[in-house]
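# Chain and residue survey
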Amino acid sequence: MPAPKKGARFGGSPSHSRLMMANLAAHLIASEGITTTEAKAKALRPYVEKLVTKAKHGGVHRQRIVVSRIHDKDMAHKLFAEIGPRYANRNGGYTRILKLGPRRGDNAPMARIEFV
């Protein structure tokens, strides 16, 4: 049996981490830019870039995989109809992270992640 993957879970269980990444990805696709903590933005970047790569190639099977990852059919449709074709000639690097400084309440480092 393979060892479980290690990684940042942001204070919750692995299932909570998966749901949080799905929600962050859906909101990023909806608004094409969100503000979150640096750690969450850095974890979200590879997650979203893999989804955009699937959307670039298209197909029903890939669309169903994306829906199973982000749990939102409308955002999956937007990803395949608008965002995927936009990056047809680009080989990765679909998002950028801009550091914003600390959050006022708890001094957490904040960042904005958006599509290029």
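Here, the structure is the one placed above.
Residues numbered from 1 in each chain as written. Predicted model: local features only at pLDDT ≥ 70, side-chain atom pairs only at ≥ 80, totals over all residues. Heavy atoms only, no water.

## Comments concerning helix H4 (residues 73-86)
- Across its 14 residues, H4 extends 19 Å between first and last C-alpha, which sits within 8% of the 20 Å expected from 1.5 Å per residue.
- The sharpest bend along H4 comes to roughly 40°, located at Leu79.
- Of all the positions in H4, only Met75, Ala76, Lys78, Leu79, Phe80, Ile83 and Gly84 are classed as buried.
- Contact partners of the buried residues in H4: helix H1 (14-31), helix H2 (38-57), helix H3 (60-70) and strand E3 (109-115).
- For H4, the N-terminal capping position is held by Asp72, with its side-chain oxygen 3.3 Å away from the main-chain nitrogen of Asp74. (Helix = DSSP H or I, 4+ residues; strand = E, 2+ residues; numbered from the N terminus. Expected span 1.5 Å × (residues − 1). Bend = angle between axes of the 7 residues up to and from the residue. Buried < 20%, exposed > 50% of the residue type's maximum accessible area, 1.4 Å probe, protein only. Contact = heavy atoms within 4.5 Å. Polar contact = N/O pair within 3.5 Å; in protein donor to acceptor, adjacent residues only side chain to side chain.)

## Comments concerning the sheet that holds strand E2 (residues 95-102)
- Strand order in the open sheet formed by 3 strands is E1-E3-E2, and the pairing between neighbours is antiparallel. With one partner strand each, in any of the chains shown, strand E1 (33-37) and E2 form the two edges of the open sheet. On average, each strand axis in the sheet is inclined to that of its neighbour by 25°, with strand direction left out of account.
- As defined by bridge partners, E1 adjoins E3 across 5 bridges and the pair is classed as antiparallel. Its bridge partner lying in E3, Thr37 is registered against Met110.
- Packed on one face of the sheet, H1 meets E1 and E3 and runs near 145° to E1. (Pairing = 2+ DSSP bridges. Axes fitted to C-alpha atoms, helices over the stretch in contact; angles between N-to-C directions.)

## Let's talk about the packing of H2 against H4
- Interhelical geometry of H2 versus H4 gives an angle of 90° and a closest axis separation of 8 Å. Judged on the interaxial angle alone, H4 and H2 are roughly perpendicular. Counting all contacts with H2, which are made through Leu51, Val52, Lys54, Ala55 and Lys56, the residues of H4 involved are Leu79, Phe80, Ile83 and Gly84.
- Of the residues contributing to the contact of H2 with H4, the split by class is 6 nonpolar, 1 polar and 2 charged. (Parallel < 35°, antiparallel > 145°, perpendicular 65-115°, else oblique. Nonpolar A, V, L, I, M, F, W, Y, C, P; charged D, E, K, R; others polar.)

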